[in-house]
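# Architecture and fold: a report
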Amino acid sequence: MSLIFLVGFMGCGKTTMGRKLSAALGYAFIDLDHVFEDRADVGISEYFTTHGEEDFRKLESEILKTTDYPENAVVSTGGGLPCFFDNMDWINAHGQSVYMKLTPKALASRLETAKTPRPVLQGKKGDELVAFIESKLAEREPFYSRASIIAESFADLTTDNIIHLLGIKQ
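Quick summary incoming for the structure in this document. Please read all numbers here as calculations on a predicted model, not as lab measurements. (Residues numbered from 1 in each chain as written. Predicted model: local features only at pLDDT ≥ 70, side-chain atom pairs only at ≥ 80, totals over all residues. Heavy atoms only, no water.)

### Topic: the side chain of S61
- For S61, the location among the structural elements is in helix α3 (residues 44-66).
- S61 has contacts with F85 and N87, leaving out every residue within four places of it along the chain. (Helix = DSSP H or I, 4+ residues; strand = E, 2+ residues; numbered from the N terminus. Contact = heavy atoms within 4.5 Å.)

What follows is the structure in structure tokens.
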């Protein structure tokens, strides 16, 4: 089984890259946020608000570990998923992981113009948003950096380059 898990902060492009990478490789694409919403029968924001972060993280971890993955798939994870329980260990034991690493300023720029609002970012813009991202990244970096591969810039974040970094022959 060849699973590729994309990890990184919200707004780094996991879903977009996941779709492109899966198309280039002829793999299935799975967005675990969408799987979560299907299983919970409610949007992530609403689930988070209604049930709280602890229940959200437990269900998110269960979904990671119980999803019936096809033989070859690119899997986009939620931004916080690798940072709870033993999720990063599980990811690395079941496939290759790619940390899509962008600077706080690059992430802030992308998140300010995102089509999908992020409740946790509500009302944060400019320097306040950058400071929030810096703080969250400081907490999450030890988990993200355990990925098999770290793509550290926009130059690294191309489909061809990630395929190369993964060592996949086409």
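There is more to say after this.
### Some words on the side chain of R140
- Tracing the backbone through its elements, the reader meets R140 in helix α6 (residues 126-144).
- Buried charged residue R140 carries no salt bridge. Nearest counter-charge: E139, at 5.5 Å.
- Among residues more than four places away in sequence, those in contact with R140 are F9, R57, G79, G80 and C83. (Buried < 20%, exposed > 50% of the residue type's maximum accessible area, 1.4 Å probe, protein only. Lys, Arg positive; Asp, Glu negative; His and termini not counted. Salt bridge = Lys/Arg side-chain N within 4 Å of Asp/Glu carboxyl O.)

### Considerations on helix α5 (residues 104-112)
- Residues of α5 that are buried include every one of A106, L107, A108 and L111, and no others.
- The elements touched by buried residues of α5 are α6.

### Some remarks on the packing of helix α2 (residues 32-40) against α3
- Packing of α2 against α3 brings their axes to within 10 Å, and their N-to-C directions diverge by 110°. Classified by the angle between their axes, α2 and α3 sit roughly perpendicular to one another. When the axes of α2 and α3 are compared, the crossing they make is right-handed. Listed contacts from α3 to L32, D33, V35, F36, E37, R39 and A40 of α2 are I44, Y47, F56, L59, E60, E62, I63, L64 and T66.
- Grouping the constituent residues of the contact of α2 with α3 by class yields 10 nonpolar, one polar and five charged. (Axes fitted to C-alpha atoms, helices over the stretch in contact; angles between N-to-C directions. Parallel < 35°, antiparallel > 145°, perpendicular 65-115°, else oblique. Left-handed = near helix turned anticlockwise from the far one by under 90°. Nonpolar A, V, L, I, M, F, W, Y, C, P; charged D, E, K, R; others polar.)

### As for unusual backbone geometry
- Of note in the backbone geometry, D41 takes a positive phi value of approximately 60° without being a glycine.
- Following the sequence through the fold, D41 ends up in the loop between α2 and α3.
- Residue classification places D41 among the exposed residues on the basis of a relative accessible area of 69%.
- The backbone of F85 sits at a positive phi, close to 50°, despite the residue not being glycine.
- With respect to the secondary-structure elements, F85 resides in the loop between β3 (72-76) and α4 (87-94).

### What to know about the packing of aromatic side chains
- Scanning the entire structure with this criterion turns up seven aromatic pairs.
- Geometrically, the ring pair formed by F36 and F56 is tilted, given 4.9 Å between the ring centres and 50° between the ring planes. Of this pair, F36 sits in helix α2 while F56 sits in helix α3, and the two are 20 residues apart along the sequence. Accessibility assignment for this pair places F36 and F56 in one class, buried.
- Sitting over the face of the ring of F132, K124 holds its NZ or CZ atom 4.9 Å from the ring centroid. (Phe/Tyr/Trp six-rings, centres within 6.5 Å; stacked < 30°, edge-to-face > 60°. Lys NZ or Arg CZ within 6 Å of the ring centre and 35° of its normal.)

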